[in-house]
Amino acid sequence: MFAWVIYLLAVHSAQTTADEIFFKSTVVEPYIEMRTHPGRGYPIFYIAERGELVELLKRKTDWIKVRNSRGVEGWVHVDEIGKTIDSMGEPLNLKSPDLESFSNRTWEFGVMLGDYDGTDAVTAYAGWHFTRNLSLELAATENFGDFSDGRMITGSIVHQMFPDKRYSPFLTIGGGVRETNPRSSLVTTEDRTDNTASVGAGIRIHLTRRLMLRFQYKHYVILTDRDDDEEVDEWKIGISAFY
Amino acid sequence: MENWNKRLLLGAALYAFAGSSLADEQPEQVQVINPEIDRREITTDAIDTEDFEIGAYVGILSIQDFDSEVVYGVRAAWHVTEDFFFEANYGVSEGDLTSFEKLSGGAPLFGDEDRDYSFYDLNLGWNALPGEVFLFGKRALKSDLYFVAGVGSTEFLGDNWFTVTVGAGYRLILNDWLTWRIDVRDHIFDRDTFGTDDTTNNIELSTGITIFF
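Residues numbered from 1 in each chain as written. Chains lettered and ligands numbered in written order. Predicted model: local features only at pLDDT ≥ 70, side-chain atom pairs only at ≥ 80, totals over all residues. Heavy atoms only, no water.

This brings us to the overall build of chain B. In terms of regular secondary structure, chain B is built from two helices and nine strands. Residues classed as buried in chain B amount to 40% of the 213 residues present. Sequence-distant contacts, at least 24 apart, represent 57% of the contacts inside chain B between residues at least 6 apart. For chain B, the accessible area works out to roughly 12000 Å², and carbon and sulfur atoms hold 61% of it. (Helix = DSSP H or I, 4+ residues; strand = E, 2+ residues; numbered from the N terminus. Buried < 20%, exposed > 50% of the residue type's maximum accessible area, 1.4 Å probe, protein only. Contact = heavy atoms within 4.5 Å. Areas by Shrake-Rupley, 256 points an atom, 1.4 Å probe, with all protein chains shown as cover.)

Residue and element names in this part refer to chain A. Note: strand β9 (residues 134-144) against strand β10 (residues 148-160), 11 bridges, orientation antiparallel. What sits directly across from Thr141, in β10, is Met152. What sits between β9 and β10 in their antiparallel hairpin is a turn of three residues. Sheet analysis places β10 next to strand β11 (residues 167-182), joined by 13 bridges and oriented antiparallel. Bridging across to β11, Ser148 finds its partner in Pro182. (Pairing = 2+ DSSP bridges.)

Turning our attention to the confidence of the model for chain B. Residues and elements named next belong to chain B. Taken over all residues, the pLDDT of chain B has a mean of 84, while the share at 70 or more is 80%. The secondary-structure element of chain B with the lowest mean pLDDT is helix α1 (residues 2-25), recorded at 55, while strand β2 (residues 52-62) shows the highest, at 96. Interface confidence in the predicted complex, given as ipTM, is 0.83; pTM for the same model is 0.81. (pLDDT = per-residue confidence, 0-100.)

Right, let's get into the pattern of salt bridges. In this structure the tally under the stated criterion is 39 salt bridges over all chains. Across the pair Lys65(A) and Asp176(B) runs a salt bridge, and its minimum N-O distance is 2.6 Å. You can see Lys65(A) sitting in strand β5 (residues 63-68) and its partner Asp176(B) sitting in the loop between β7 (159-173) and β8 (178-191), one on each of two chains. Salt-bridge contacts for Glu234(A) lead to Lys236(A); the nearest nitrogen and oxygen are separated by 2.6 Å. With respect to class, Glu234(A) is no different from Lys236(A); both count as buried. Because the salt bridges share partners, they merge into one network encompassing Glu53(B), Arg75(B), Glu87(B), Lys142(B), Asp144(B), Arg171(B), Arg181(B), Asp183(B) and Arg185(B). (Salt bridge = Lys/Arg side-chain N within 4 Å of Asp/Glu carboxyl O.)

The next subject is the packing of aromatic side chains. Under the defined criterion, the tally for this structure stands at 21 aromatic pairs over all chains. When the centroid spacing of 6.3 Å and the interplanar angle of 15° are considered together, the rings of Trp161(B) and Phe189(B) count as stacked. Remark: Phe189(B) occurs in strand β8 and Trp161(B) occurs in strand β7; sequence separation between them is 28 residues. On the basis of relative accessibility, which here comes to 3%, the residue Trp161(B) falls in the buried class. The class for Phe189(B) is buried, based on a relative accessible area of 1%. Grouping aromatic residues by their ring pairs yields a cluster made of Trp107(A), Phe109(A), Trp128(A), Phe130(A), Tyr243(A), Phe52(B), Trp78(B), Phe86(B) and Phe213(B). Sitting over the face of the ring of Trp161(B), Arg183(A) holds its NZ or CZ atom 4.5 Å from the ring centroid. (Phe/Tyr/Trp six-rings, centres within 6.5 Å; stacked < 30°, edge-to-face > 60°. Lys NZ or Arg CZ within 6 Å of the ring centre and 35° of its normal.)

Moving on: the interface of chain A and chain B. The extent of an interface is frequently quoted as the accessible surface area lost upon association of the parts. Listed as interface residues are 53 residues of chain A and, on the opposing side, 49 residues of chain B. Of the roughly 4500 Å² buried where chain A meets chain B, counting both sides, 65% is carbon and sulfur surface. Here chain A is connected to chain B by six salt bridges. Of the charged contacts, one joins Asp176(B) and Lys58(A) as a salt bridge, the two residues approaching to 3.4 Å between their closest N and O atoms. If you tally residues by element for the side of chain A that touches chain B, the top one is helix α1 (residues 2-14) of chain A, at nine residues. Inspection of the sheet shows strand β4 (residues 53-60) of chain A paired to strand β1 (residues 48-49) of chain B by two bridges, in the parallel sense. Counterpart to Arg59(A) in the pairing with β1(B) is Thr49(B). (Buried area = accessible area lost by both parts, 1.4 Å probe.)

To continue, consider the sheet that holds strand β12 (residues 192-208) of chain A. All names here are of chain A. Here we have eight strands rolled up into a closed barrel, ordered β7-β8-β9-β10-β11-β12-β13-β14, and antiparallel in their pairing. Ignoring strand direction, the axes of neighbouring strands in this sheet form an average angle of 25°. When strand β7 (residues 107-116) meets strand β14 (residues 230-242), the two strands line up antiparallel, connected through nine bridges. From the neighbouring strand, Met112 faces β14, where its bridge partner is Gly238. (Axes fitted to C-alpha atoms, helices over the stretch in contact; angles between N-to-C directions.)

Structure follows, in C-alpha coordinates:
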(Lines give C-alpha, C1' and ligand atoms only; values in the text may rest on other atoms or scores of the structure.)
Protein backbone atom coordinates (compact mmCIF):
# COMPACT_ATOMS: atom_id res chain seq x y z
CA MET A 1 0.00 0.00 0.00
CA PHE A 2 2.70 2.40 1.11
CA ALA A 3 4.85 1.47 -1.84
CA TRP A 4 1.90 2.18 -4.16
CA VAL A 5 1.43 5.63 -2.68
CA ILE A 6 5.10 6.33 -3.30
CA TYR A 7 4.80 4.98 -6.82
CA LEU A 8 1.77 7.10 -7.66
CA LEU A 9 3.46 10.19 -6.28
CA ALA A 10 6.60 9.46 -8.24
CA VAL A 11 4.70 8.89 -11.47
CA HIS A 12 2.63 11.98 -10.95
CA SER A 13 5.73 14.07 -10.40
CA ALA A 14 7.23 12.78 -13.63
CA GLN A 15 4.54 14.58 -15.59
CA THR A 16 5.93 18.03 -14.98
CA THR A 17 3.60 20.83 -15.90
CA ALA A 18 3.87 21.15 -19.64
CA ASP A 19 2.06 24.47 -19.92
CA GLU A 20 4.44 26.37 -17.64
CA ILE A 21 6.97 28.53 -19.45
CA PHE A 22 10.61 27.99 -18.58
CA PHE A 23 13.82 29.74 -19.44
CA LYS A 24 15.37 28.23 -22.55
CA SER A 25 19.03 28.12 -23.37
CA THR A 26 21.15 26.65 -26.14
CA VAL A 27 24.10 24.32 -25.69
CA VAL A 28 27.28 25.74 -27.28
CA GLU A 29 29.85 23.42 -25.74
CA PRO A 30 30.21 20.07 -27.58
CA TYR A 31 27.75 18.54 -25.07
CA ILE A 32 26.33 18.80 -21.56
CA GLU A 33 25.86 15.83 -19.28
CA MET A 34 22.47 15.04 -17.78
CA ARG A 35 22.31 13.03 -14.59
CA THR A 36 19.46 11.05 -13.07
CA HIS A 37 19.47 13.02 -9.80
CA PRO A 38 21.08 16.20 -8.41
CA GLY A 39 24.46 14.93 -7.22
CA ARG A 40 27.90 14.37 -8.66
CA GLY A 41 27.79 10.62 -8.04
CA TYR A 42 24.60 9.93 -10.00
CA PRO A 43 24.90 8.31 -13.42
CA ILE A 44 24.97 10.33 -16.63
CA PHE A 45 22.14 8.88 -18.70
CA TYR A 46 21.84 11.42 -21.50
CA ILE A 47 23.88 14.01 -23.32
CA ALA A 48 22.46 17.19 -24.82
CA GLU A 49 24.52 18.11 -27.89
CA ARG A 50 25.73 21.43 -29.22
CA GLY A 51 22.83 23.43 -30.69
CA GLU A 52 20.21 21.66 -28.61
CA LEU A 53 17.69 23.85 -26.82
CA VAL A 54 17.04 22.97 -23.17
CA GLU A 55 14.44 24.31 -20.74
CA LEU A 56 15.66 25.09 -17.21
CA LEU A 57 12.98 23.71 -14.90
CA LYS A 58 14.30 24.15 -11.37
CA ARG A 59 17.40 24.34 -9.24
CA LYS A 60 18.51 22.31 -6.22
CA THR A 61 21.78 23.46 -4.64
CA ASP A 62 24.26 23.46 -7.54
CA TRP A 63 22.14 21.38 -9.91
CA ILE A 64 19.61 22.44 -12.49
CA LYS A 65 16.87 20.21 -13.82
CA VAL A 66 16.60 20.58 -17.58
CA ARG A 67 14.30 19.24 -20.28
CA ASN A 68 15.25 18.99 -23.93
CA SER A 69 12.92 19.23 -26.92
CA ARG A 70 12.28 15.48 -26.84
CA GLY A 71 11.03 15.74 -23.27
CA VAL A 72 14.07 14.07 -21.67
CA GLU A 73 14.60 15.46 -18.16
CA GLY A 74 17.83 15.34 -16.20
CA TRP A 75 20.07 17.25 -13.82
CA VAL A 76 22.99 19.34 -15.06
CA HIS A 77 25.61 21.07 -12.94
CA VAL A 78 25.12 24.84 -12.74
CA ASP A 79 28.67 25.49 -14.02
CA GLU A 80 27.83 23.61 -17.24
CA ILE A 81 24.55 25.51 -17.60
CA GLY A 82 26.56 28.72 -17.16
CA LYS A 83 28.28 27.93 -20.47
CA THR A 84 25.00 27.72 -22.42
CA ILE A 85 23.61 30.80 -24.16
CA ASP A 86 20.27 32.59 -24.10
CA SER A 87 18.26 33.75 -27.14
CA MET A 88 20.48 36.86 -27.44
CA GLY A 89 23.61 34.72 -27.64
CA GLU A 90 24.83 35.75 -24.20
CA PRO A 91 26.21 33.11 -21.78
CA LEU A 92 23.92 32.64 -18.77
CA ASN A 93 25.01 34.34 -15.60
CA LEU A 94 24.89 31.16 -13.55
CA LYS A 95 27.67 29.52 -11.55
CA SER A 96 28.25 27.78 -8.28
CA PRO A 97 28.85 30.18 -5.37
CA ASP A 98 32.47 31.22 -4.90
CA LEU A 99 34.59 33.91 -3.26
CA GLU A 100 33.02 36.58 -5.45
CA SER A 101 29.53 35.53 -4.33
CA PHE A 102 30.84 35.64 -0.75
CA SER A 103 31.97 39.25 -1.25
CA ASN A 104 28.61 40.23 -2.71
CA ARG A 105 26.32 38.31 -0.38
CA THR A 106 23.03 39.85 0.72
CA TRP A 107 21.93 37.43 3.43
CA GLU A 108 23.74 35.24 5.89
CA PHE A 109 22.44 32.79 8.46
CA GLY A 110 24.37 30.83 11.02
CA VAL A 111 24.72 28.97 14.24
CA MET A 112 27.34 29.75 16.88
CA LEU A 113 28.54 28.00 19.97
CA GLY A 114 30.73 29.37 22.71
CA ASP A 115 31.34 30.74 26.11
CA TYR A 116 29.26 33.49 27.70
CA ASP A 117 30.74 34.51 31.03
CA GLY A 118 31.98 30.98 31.74
CA THR A 119 28.75 29.28 30.66
CA ASP A 120 27.81 27.35 27.53
CA ALA A 121 25.98 29.49 25.00
CA VAL A 122 24.16 28.83 21.73
CA THR A 123 23.37 31.51 19.16
CA ALA A 124 21.37 31.57 15.94
CA TYR A 125 21.61 34.70 13.83
CA ALA A 126 20.59 36.30 10.55
CA GLY A 127 22.35 39.15 8.79
CA TRP A 128 21.30 41.45 5.97
CA HIS A 129 24.00 43.27 4.00
CA PHE A 130 22.73 46.61 2.80
CA THR A 131 26.12 47.68 1.46
CA ARG A 132 29.23 45.63 0.80
CA ASN A 133 30.70 46.85 4.08
CA LEU A 134 27.71 47.21 6.37
CA SER A 135 25.14 44.77 7.59
CA LEU A 136 22.40 44.50 10.17
CA GLU A 137 22.27 41.41 12.33
CA LEU A 138 19.72 39.91 14.63
CA ALA A 139 20.90 37.22 17.02
CA ALA A 140 19.12 35.03 19.55
CA THR A 141 21.36 33.62 22.28
CA GLU A 142 20.65 31.20 25.06
CA ASN A 143 23.21 30.46 27.79
CA PHE A 144 23.18 27.84 30.52
CA GLY A 145 24.90 28.52 33.86
CA ASP A 146 25.02 26.69 37.16
CA PHE A 147 22.91 29.32 38.89
CA SER A 148 20.89 30.80 36.08
CA ASP A 149 20.20 30.53 32.42
CA GLY A 150 19.31 33.34 30.11
CA ARG A 151 17.92 34.27 26.76
CA MET A 152 19.02 37.30 24.84
CA ILE A 153 18.00 39.07 21.63
CA THR A 154 20.64 41.37 20.16
CA GLY A 155 20.40 43.66 17.18
CA SER A 156 23.70 44.93 15.84
CA ILE A 157 25.33 46.79 13.03
CA VAL A 158 28.39 45.08 11.58
CA HIS A 159 31.14 46.70 9.58
CA GLN A 160 33.58 44.66 7.52
CA MET A 161 36.65 46.47 6.28
CA PHE A 162 37.73 44.14 3.47
CA PRO A 163 34.66 42.54 1.88
CA ASP A 164 36.73 41.09 -1.00
CA LYS A 165 39.01 39.04 1.22
CA ARG A 166 38.56 35.39 2.04
CA TYR A 167 39.49 36.29 5.62
CA SER A 168 37.16 39.18 6.37
CA PRO A 169 37.44 40.88 9.78
CA PHE A 170 34.58 42.89 11.22
CA LEU A 171 33.61 45.22 14.05
CA THR A 172 30.18 45.31 15.62
CA ILE A 173 28.09 47.33 18.06
CA GLY A 174 24.60 46.57 19.21
CA GLY A 175 21.91 46.53 21.81
CA GLY A 176 19.28 44.19 23.03
CA VAL A 177 17.26 42.61 25.78
CA ARG A 178 18.27 39.87 28.16
CA GLU A 179 16.06 37.68 30.31
CA THR A 180 17.74 35.86 33.20
CA ASN A 181 16.07 32.88 34.84
CA PRO A 182 17.67 31.65 38.08
CA ARG A 183 17.80 27.86 38.44
CA SER A 184 14.71 26.25 39.92
CA SER A 185 16.88 24.74 42.69
CA LEU A 186 17.57 28.24 44.02
CA VAL A 187 14.87 29.68 46.21
CA THR A 188 13.28 33.12 46.23
CA THR A 189 14.98 34.55 43.16
CA GLU A 190 12.89 36.01 40.39
CA ASP A 191 13.31 36.17 36.64
CA ARG A 192 14.59 39.52 35.51
CA THR A 193 14.71 41.36 32.19
CA ASP A 194 17.44 43.90 31.42
CA ASN A 195 18.64 45.90 28.47
CA THR A 196 22.07 45.24 27.07
CA ALA A 197 24.66 47.10 25.04
CA SER A 198 27.46 45.33 23.27
CA VAL A 199 30.61 45.89 21.27
CA GLY A 200 32.67 43.28 19.52
CA ALA A 201 35.03 42.16 16.79
CA GLY A 202 35.50 39.02 14.78
CA ILE A 203 36.38 37.41 11.50
CA ARG A 204 34.44 35.58 8.83
CA ILE A 205 36.28 33.05 6.69
CA HIS A 206 34.91 31.82 3.38
CA LEU A 207 35.23 28.03 3.37
CA THR A 208 33.70 26.77 0.15
CA ARG A 209 30.57 27.41 -1.91
CA ARG A 210 28.02 29.07 0.40
CA LEU A 211 29.72 28.12 3.64
CA MET A 212 31.74 30.28 5.99
CA LEU A 213 33.32 30.05 9.40
CA ARG A 214 32.89 32.81 11.97
CA PHE A 215 34.82 33.68 15.13
CA GLN A 216 33.77 36.55 17.32
CA TYR A 217 34.33 38.24 20.64
CA LYS A 218 31.70 40.47 22.23
CA HIS A 219 31.67 42.52 25.37
CA TYR A 220 28.24 43.05 26.89
CA VAL A 221 27.14 45.60 29.43
CA ILE A 222 23.93 44.50 31.13
CA LEU A 223 22.03 47.54 32.37
CA THR A 224 20.59 46.12 35.58
CA ASP A 225 18.29 47.73 38.15
CA ARG A 226 20.96 47.22 40.80
CA ASP A 227 23.71 49.67 41.70
CA ASP A 228 26.27 48.15 39.34
CA ASP A 229 25.92 47.13 35.74
CA GLU A 230 27.11 43.65 34.84
CA GLU A 231 29.94 43.31 32.34
CA VAL A 232 30.25 40.05 30.44
CA ASP A 233 32.71 38.66 27.89
CA GLU A 234 31.57 36.28 25.18
CA TRP A 235 33.61 34.14 22.76
CA LYS A 236 31.98 32.29 19.90
CA ILE A 237 32.72 30.07 16.94
CA GLY A 238 30.12 29.40 14.32
CA ILE A 239 29.29 28.11 10.90
CA SER A 240 27.17 30.17 8.54
CA ALA A 241 25.89 30.14 5.02
CA PHE A 242 25.23 33.10 2.78
CA TYR A 243 22.81 33.83 0.01
CA MET B 1 13.30 32.82 -79.60
CA GLU B 2 12.50 29.94 -77.36
CA ASN B 3 14.24 31.79 -74.54
CA TRP B 4 12.12 34.85 -75.15
CA ASN B 5 8.98 32.75 -74.98
CA LYS B 6 10.13 31.21 -71.73
CA ARG B 7 10.94 34.59 -70.27
CA LEU B 8 7.63 35.95 -71.36
CA LEU B 9 5.75 33.03 -69.90
CA LEU B 10 7.75 33.07 -66.69
CA GLY B 11 7.36 36.81 -66.43
CA ALA B 12 3.61 36.59 -66.92
CA ALA B 13 3.31 33.73 -64.46
CA LEU B 14 5.40 35.60 -61.91
CA TYR B 15 3.37 38.74 -62.41
CA ALA B 16 0.12 36.84 -62.07
CA PHE B 17 1.38 35.03 -58.96
CA ALA B 18 2.79 38.14 -57.36
CA GLY B 19 -0.31 40.06 -58.24
CA SER B 20 -2.61 37.45 -56.80
CA SER B 21 -0.54 37.01 -53.67
CA LEU B 22 -0.30 40.78 -53.25
CA ALA B 23 -4.02 41.01 -53.71
CA ASP B 24 -4.45 38.27 -51.10
CA GLU B 25 -2.18 39.92 -48.60
CA GLN B 26 -3.56 43.39 -49.03
CA PRO B 27 -6.19 43.27 -46.29
CA GLU B 28 -3.73 41.61 -43.87
CA GLN B 29 -1.09 44.26 -44.40
CA VAL B 30 -2.82 46.39 -41.84
CA GLN B 31 -1.96 43.77 -39.24
CA VAL B 32 1.81 43.56 -39.71
CA ILE B 33 2.39 43.53 -35.97
CA ASN B 34 0.04 41.41 -33.98
CA PRO B 35 -0.47 43.19 -30.65
CA GLU B 36 -1.87 40.02 -29.08
CA ILE B 37 1.60 38.44 -28.82
CA ASP B 38 3.18 39.38 -25.53
CA ARG B 39 6.92 38.87 -25.43
CA ARG B 40 7.77 36.76 -22.44
CA GLU B 41 11.02 37.96 -21.00
CA ILE B 42 12.10 35.24 -18.62
CA THR B 43 15.39 35.63 -16.83
CA THR B 44 17.44 33.00 -15.07
CA ASP B 45 16.24 34.53 -11.77
CA ALA B 46 12.88 32.96 -12.53
CA ILE B 47 14.31 29.46 -12.08
CA ASP B 48 12.63 27.95 -9.07
CA THR B 49 15.16 26.99 -6.39
CA GLU B 50 14.23 24.21 -4.02
CA ASP B 51 16.84 24.33 -1.29
CA PHE B 52 14.55 24.54 1.73
CA GLU B 53 12.87 21.64 3.45
CA ILE B 54 10.18 21.85 6.14
CA GLY B 55 8.16 19.18 7.79
CA ALA B 56 6.78 17.48 10.84
CA TYR B 57 7.57 14.23 12.57
CA VAL B 58 6.33 11.91 15.25
CA GLY B 59 8.30 9.40 17.25
CA ILE B 60 9.34 7.97 20.55
CA LEU B 61 11.60 9.75 23.02
CA SER B 62 13.29 7.72 25.70
CA ILE B 63 13.89 10.18 28.55
CA GLN B 64 16.64 8.96 30.86
CA ASP B 65 15.31 7.97 34.32
CA PHE B 66 11.78 8.39 32.96
CA ASP B 67 9.64 6.43 30.52
CA SER B 68 9.66 6.39 26.74
CA GLU B 69 7.05 8.79 25.49
CA VAL B 70 5.57 10.00 22.24
CA VAL B 71 7.35 13.03 20.80
CA TYR B 72 6.04 15.44 18.17
CA GLY B 73 8.18 17.90 16.33
CA VAL B 74 8.70 20.25 13.45
CA ARG B 75 11.86 20.71 11.46
CA ALA B 76 13.29 22.98 8.81
CA ALA B 77 16.44 22.58 6.77
CA TRP B 78 18.42 24.66 4.32
CA HIS B 79 20.44 22.68 1.81
CA VAL B 80 23.52 24.80 1.29
CA THR B 81 25.34 22.39 -1.00
CA GLU B 82 24.52 18.89 -2.17
CA ASP B 83 26.62 17.63 0.78
CA PHE B 84 25.77 19.93 3.69
CA PHE B 85 22.61 21.34 5.21
CA PHE B 86 21.59 23.39 8.23
CA GLU B 87 18.72 22.04 10.23
CA ALA B 88 16.56 23.33 13.08
CA ASN B 89 14.20 21.14 15.10
CA TYR B 90 11.65 21.78 17.78
CA GLY B 91 9.96 18.97 19.64
CA VAL B 92 7.66 18.39 22.59
CA SER B 93 7.05 15.40 24.82
CA GLU B 94 6.20 14.69 28.42
CA GLY B 95 8.06 12.72 31.10
CA ASP B 96 6.09 10.13 33.01
CA LEU B 97 6.85 8.95 36.57
CA THR B 98 10.42 7.96 37.37
CA SER B 99 11.05 4.36 38.37
CA PHE B 100 11.58 5.53 41.94
CA GLU B 101 8.22 7.29 42.06
CA LYS B 102 6.51 4.16 40.74
CA LEU B 103 8.18 1.82 43.20
CA SER B 104 7.98 3.97 46.31
CA GLY B 105 4.33 4.75 45.77
CA GLY B 106 4.82 8.03 47.59
CA ALA B 107 4.06 11.56 46.49
CA PRO B 108 5.42 12.44 43.03
CA LEU B 109 8.73 14.32 43.01
CA PHE B 110 7.74 16.72 40.24
CA GLY B 111 4.65 18.64 39.29
CA ASP B 112 2.90 17.95 35.99
CA GLU B 113 4.15 21.20 34.51
CA ASP B 114 7.76 20.29 35.24
CA ARG B 115 7.33 17.04 33.35
CA ASP B 116 6.73 18.85 30.06
CA TYR B 117 9.72 18.16 27.90
CA SER B 118 10.51 20.52 25.02
CA PHE B 119 13.67 21.08 23.04
CA TYR B 120 15.15 22.82 20.07
CA ASP B 121 18.40 22.12 18.27
CA LEU B 122 20.41 23.76 15.52
CA ASN B 123 22.36 21.22 13.53
CA LEU B 124 24.75 20.83 10.69
CA GLY B 125 23.94 17.86 8.49
CA TRP B 126 26.10 15.91 6.09
CA ASN B 127 24.60 13.79 3.31
CA ALA B 128 27.25 11.13 3.71
CA LEU B 129 25.80 8.37 1.57
CA PRO B 130 23.61 9.58 -1.28
CA GLY B 131 21.93 6.81 -3.21
CA GLU B 132 19.13 5.60 -5.42
CA VAL B 133 16.23 3.35 -4.54
CA PHE B 134 14.50 1.34 -7.26
CA LEU B 135 10.74 0.99 -7.16
CA PHE B 136 9.01 -1.80 -9.13
CA GLY B 137 12.01 -1.81 -11.46
CA LYS B 138 10.57 1.24 -13.17
CA ARG B 139 11.49 4.30 -11.20
CA ALA B 140 14.62 5.32 -9.36
CA LEU B 141 14.16 7.58 -6.33
CA LYS B 142 16.92 9.61 -4.75
CA SER B 143 17.84 8.81 -1.16
CA ASP B 144 20.34 10.14 1.37
CA LEU B 145 21.81 8.66 4.49
CA TYR B 146 22.95 11.60 6.57
CA PHE B 147 24.55 12.45 9.88
CA VAL B 148 23.71 15.48 11.99
CA ALA B 149 25.37 17.14 14.94
CA GLY B 150 24.42 20.30 16.73
CA VAL B 151 23.59 22.21 19.85
CA GLY B 152 20.43 23.46 21.44
CA SER B 153 18.37 23.63 24.57
CA THR B 154 16.09 21.28 26.47
CA GLU B 155 13.46 22.50 28.89
CA PHE B 156 12.66 19.81 31.41
CA LEU B 157 12.01 19.65 35.16
CA GLY B 158 11.65 23.41 35.36
CA ASP B 159 15.04 24.34 33.88
CA ASN B 160 16.74 24.82 30.54
CA TRP B 161 19.67 22.55 29.79
CA PHE B 162 22.42 23.01 27.24
CA THR B 163 22.02 20.08 24.89
CA VAL B 164 24.25 18.45 22.33
CA THR B 165 22.45 16.49 19.63
CA VAL B 166 23.96 13.82 17.40
CA GLY B 167 22.14 11.54 15.06
CA ALA B 168 21.69 9.84 11.75
CA GLY B 169 18.82 9.69 9.36
CA TYR B 170 17.53 8.50 6.06
CA ARG B 171 15.68 10.64 3.54
CA LEU B 172 13.81 9.13 0.60
CA ILE B 173 12.88 11.74 -1.98
CA LEU B 174 9.54 10.53 -3.34
CA ASN B 175 9.27 13.15 -6.01
CA ASP B 176 11.07 16.44 -6.52
CA TRP B 177 9.46 18.04 -3.48
CA LEU B 178 8.15 15.39 -1.11
CA THR B 179 10.33 13.28 1.17
CA TRP B 180 9.94 10.62 3.78
CA ARG B 181 12.42 10.60 6.64
CA ILE B 182 13.48 8.28 9.44
CA ASP B 183 15.69 9.68 12.17
CA VAL B 184 17.60 8.57 15.23
CA ARG B 185 18.84 11.35 17.51
CA ASP B 186 20.57 11.36 20.86
CA HIS B 187 19.96 14.50 22.93
CA ILE B 188 22.73 14.66 25.50
CA PHE B 189 22.62 17.05 28.43
CA ASP B 190 23.94 17.38 31.97
CA ARG B 191 21.19 17.50 34.57
CA ASP B 192 21.66 18.24 38.28
CA THR B 193 18.05 17.79 39.31
CA PHE B 194 18.85 14.74 41.45
CA GLY B 195 21.64 16.50 43.34
CA THR B 196 24.66 15.49 41.27
CA ASP B 197 25.54 16.42 37.71
CA ASP B 198 24.39 13.50 35.56
CA THR B 199 24.96 13.27 31.84
CA THR B 200 21.72 12.04 30.35
CA ASN B 201 21.18 10.44 26.95
CA ASN B 202 17.70 10.90 25.57
CA ILE B 203 17.23 8.90 22.45
CA GLU B 204 14.60 9.86 19.93
CA LEU B 205 13.35 7.61 17.12
CA SER B 206 11.11 9.36 14.67
CA THR B 207 9.61 9.34 11.23
CA GLY B 208 8.16 12.23 9.28
CA ILE B 209 7.36 13.91 6.03
CA THR B 210 9.07 17.00 4.67
CA ILE B 211 8.55 19.10 1.61
CA PHE B 212 11.11 20.97 -0.47
CA PHE B 213 10.36 24.49 -1.64
